[in-house]
Amino acid sequence: MSAAERFANRIAQIKGVDQFVLTRQDGQIITHNLSNPEQLASVVTLGGYGAQAIQKSVGFSQFRYLVCTRPQSQNLIVFSLDKYFLGIQQKPDTSQAELVSEVSRFLQHILSRRKETNG
């Protein structure tokens, strides 16, 4: 199983995740669980870049996530992960706080393992 497949399997198991797409910062789709991921991938990439631009212009140290609010809590949440953006469409009527917390822990674990591996 490839790293992208392991990533997709783990993200899909998180409570509150409906659909997701992982893109590189250049917009290339790495993995997803959508039948047509291109549109969501574009929104995720543009949202990620926009959040990074705001971060830099205001002087914040790190962009962790961006939330685009939608009816019935079907929010789009865009996370930054090194050279990637992860976009998650939240399942209706689930806790945004729990979803963000769980995904953030998982992404932090990935970054920690990468640092250990790269020394």
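Residues numbered from 1 in each chain as written. Predicted model: local features only at pLDDT ≥ 70, side-chain atom pairs only at ≥ 80, totals over all residues. Heavy atoms only, no water.

**Q** Whenever I open this one, unusual backbone geometry confuses me. Can you help?
**A** Positive phi, normally seen in glycine, also occurs at D82, with a value near 55°. Residue D82 is classed as partly exposed on the basis of its relative accessible area of 43%. In this structure, D93 is a non-glycine residue whose phi angle is positive, near 55°. Tracing the backbone through its elements, the reader meets D93 in the loop between β5 (84-90) and α3 (96-118). Owing to a relative accessible area of 63%, D93 belongs among the exposed residues under this scheme. (Buried < 20%, exposed > 50% of the residue type's maximum accessible area, 1.4 Å probe, protein only. Helix = DSSP H or I, 4+ residues; strand = E, 2+ residues; numbered from the N terminus.)

**Q** Help me understand the pairing of strand β1 (residues 17-24) in this model?
**A** Residues in a regular strand project their side chains so that they alternate between the two faces of the sheet. Sheet topology places β1 next to β5; seven bridges connect them, and they run antiparallel. Paired with R24 across the bridge in β5 is Y84. In sequence, β1 turns back onto strand β2 (residues 29-32) through a hairpin of four residues, with G27 there showing a positive phi of about 95°. (Pairing = 2+ DSSP bridges.)

**Q** Is there a simple way to explain the sheet that holds β2 in this structure?
**A** Remark on secondary structure: sheet strands pair via backbone hydrogen bonds, oriented parallel or antiparallel. Read from one edge of the open sheet, five strands run β2-β1-β5-β4-β3, paired in antiparallel fashion. Two strands lie at the open edges of the sheet, namely β2 and β3 (65-68), each paired on one side alone. Each strand of the sheet is rotated relative to its neighbour by a mean of 15°, with strand direction disregarded. Strand direction decides the pairing type here: β3 and strand β4 (residues 76-81), joined by four bridges, are antiparallel. Note on β4: the bridge partner recorded for Y65 is F79. (Axes fitted to C-alpha atoms, helices over the stretch in contact; angles between N-to-C directions.)

**Q** Help me out: how do you make sense of a nonpolar patch on the surface in this one?
**A** A surface patch of nonpolar side chains, amounting to about 320 Å² of accessible area, comprises I54, V58 and F60. Along the chain, V58 turns up in helix α2 (residues 38-58). (Patch = residues over 30% accessible without salt bridge, like charges linked within 9 Å, V, L, I, M, F, W, Y side chains within 5 Å. Areas by Shrake-Rupley, 256 points an atom, 1.4 Å probe, with all protein chains shown as cover. Salt bridge = Lys/Arg side-chain N within 4 Å of Asp/Glu carboxyl O.)

Any functional reading would require information beyond the geometric quantities listed.
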